[in-house]
Amino acid sequence: MQVLFKVIRQEQNSSPVVQTYTLDVDPGNTILDCLNLIKWEQDGSLAFRKNCRNTICGSCGMRINGRSALACKENIGSEVQRLQQIAASATPSDAFQRPLDAIPEITIAPMGNMPVIKDLVVDMRSFWDHLEVVEPYVSTDASRVPEREFLQTPEERDRLNQTGNCILCGACYSECNAREVNSDFVGPHALAKAYRMVADSRDDEIESRLENYNEGTKGVWGCTRCFMCNTVCPMDVAPMDQIGKIKQQILDRKDDQASRSIRHRKVLIDLVKEGGWIDERRFGLQVVGNSFRDIKGMISLGPLGLRMLVRGKFPLGFEPSAGAEVVRSLIESVQSLES
Ligand code: SF4
Ligand code: SF4
Ligand code: FES
């Protein structure tokens, strides 16, 4: 079958350009096979990373038809099928609508959140630096060093399986919305690795790790729970779920005076339990104003409150939800399961 490849090419510090290549391929060919064909037979100047060709090394991360993925994992057949599904759900005026006999187009672009060095090769320095911030090494400094090795039970080892699958490909980091707006946020790959350390029975730095991951918005509280990392991860590491597990460990240890982020989570749950939904008037006062303890926080709420008042959006009263009882029992069921 014929496929048109549209490759977003770019030299460092210059604007991207789209270059097209037509190939005769099999549906079973991977995207990496196709890029190799382009490089070997049509254009030797095209730059991209690759190594194992087998979803092991994590080198070939790139954006394939708009989402970050491994070029050696995705193939032509599944990409074309995906495009057809998108086109089938598009309205007649949508850009996805193309003539039925048009040859399939596959768009390849460099990963996001990292500057381009050349074509599909990005500079991953910030990715590695952010990984380093979570100290991704098991620390046994304070442990008595055993004669031969640190033994783990099968159950203890099983806890590391999912996060241990990470091949550091960068797909999650590339799509992370929090990372896009907050350059301090360490990213989903780093926090998935952070959970791997927290869950490791041999590590003896759990308390200081949790302090570190709890800090400001560089750690777990910077995540906006957009789910993109879970969606794109080729190894099912589910970074957002791992971030949730770290948050839970922090919440189990700290009270609502520890930080605004912790207060935000606890107040939200308390208010929803009480009224079935959030009483916005109390939410701001309790979280930002720390129930009148934080005068600076209270003052910072003033301009927003005034603007809301002027636009008639300030909630003067509060009606509990008719389903408050059901909501409360649902939350309590989940909490009892967790405990
Ligand atoms: S968590 Fe998944 S997407 Fe992120 S770097 Fe690891 S393997 Fe890649
Ligand atoms: S869920 Fe959180 S960590 Fe994952 S991509 Fe979204 S903001 Fe980033
Ligand atoms: S080339 Fe190694 S993961 Fe794709």
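Above this text you will find the structure in question.
These numbers were taken from a predicted model, which means no experiment stands behind them.

K.L.:
I'd love a proper account of the site of ligand 2, names of residues and values included.
P.N.:
Around ligand 2, a shell composed of Cys 176, Ala 178, Phe 185, Pro 188, Cys 223, Thr 224, Arg 225, Cys 226, Phe 227, Cys 229, Met 240 and Ile 243 is seen. Its residues assigned to classes, the shell around ligand 2 shows 10 nonpolar, one polar and one charged.

K.L.:
So what's going on with the sheet that holds strand 4 (residues 67–70)? Residues and values would help.
P.N.:
Ordered in space as 2-1-5-3-4, the five strands form an open sheet in which the pairing is mixed. Both edges of this open sheet fall to strand 2 (17–24) and strand 4, since each of them pairs with a single strand only. In this sheet, adjacent strand axes meet at a mean angle of 35° when their direction is disregarded. Pairing of strand 1 (residues 2–9) with strand 5 (residues 105–109) involves four bridges; the strand directions are parallel. Along strand 5, the bridge assignment pairs Leu 4 with Glu 105. Here helix 1 (residues 31–42) sits on the sheet and contacts strand 1, strand 2, strand 3 (61–64) and strand 5; the angle it forms with strand 2, its principal contact strand, is near 95°.

K.L.:
Just give me the short version of the packing of helix 3 (residues 125–133) against helix 8 (residues 188–198), but keep the residues and values in it.
P.N.:
One way to put it is that helix 3 packs onto helix 8 with a least axis distance of 8 Å and a crossing angle of 25°. Between helix 3 and helix 8, the angle is such that the two are roughly parallel. For the pair helix 3 and helix 8, the crossing hand works out as right-handed. Residues Phe 127, His 130 and Leu 131 of helix 3 touch helix 8, and the partners they reach there are His 189, Ala 190 and Lys 193. Considering only residue class, the contact of helix 3 with helix 8 consists of three nonpolar, two polar and one charged.

K.L.:
If you had to explain the pairing of strand 5 to someone new, which residues and values would you point to?
P.N.:
As defined by bridge partners, strand 3 adjoins strand 5 across two bridges and the pair is classed as antiparallel. The residue bridging Ile 64 from the neighbouring strand is Ile 108, located in strand 5.

K.L.:
Explain a nonpolar patch on the surface to me, using residue names and the numbers behind them.
P.N.:
Residues Leu 306, Leu 309, Phe 314 and Leu 316 make up a contiguous nonpolar surface patch of about 430 Å² in total accessible area. In this structure Phe 314 comes out as partly exposed when scored by relative accessible area, which is 34%.

The rules behind these values
Residues numbered from 1 in each chain as written. Chains lettered and ligands numbered in written order. Predicted model: local features only at pLDDT ≥ 70, side-chain atom pairs only at ≥ 80, totals over all residues. Heavy atoms only, no water. Near = heavy atom within 4 Å. Nonpolar A, V, L, I, M, F, W, Y, C, P; charged D, E, K, R; others polar. Pairing = 2+ DSSP bridges. Helix = DSSP H or I, 4+ residues; strand = E, 2+ residues; numbered from the N terminus. Axes fitted to C-alpha atoms, helices over the stretch in contact; angles between N-to-C directions. Contact = heavy atoms within 4.5 Å. Parallel < 35°, antiparallel > 145°, perpendicular 65-115°, else oblique. Left-handed = near helix turned anticlockwise from the far one by under 90°. Patch = residues over 30% accessible without salt bridge, like charges linked within 9 Å, V, L, I, M, F, W, Y side chains within 5 Å. Areas by Shrake-Rupley, 256 points an atom, 1.4 Å probe, with all protein chains shown as cover. Salt bridge = Lys/Arg side-chain N within 4 Å of Asp/Glu carboxyl O. Buried < 20%, exposed > 50% of the residue type's maximum accessible area, 1.4 Å probe, protein only.

Everything listed here is a matter of coordinates, which is why it stays silent on function.
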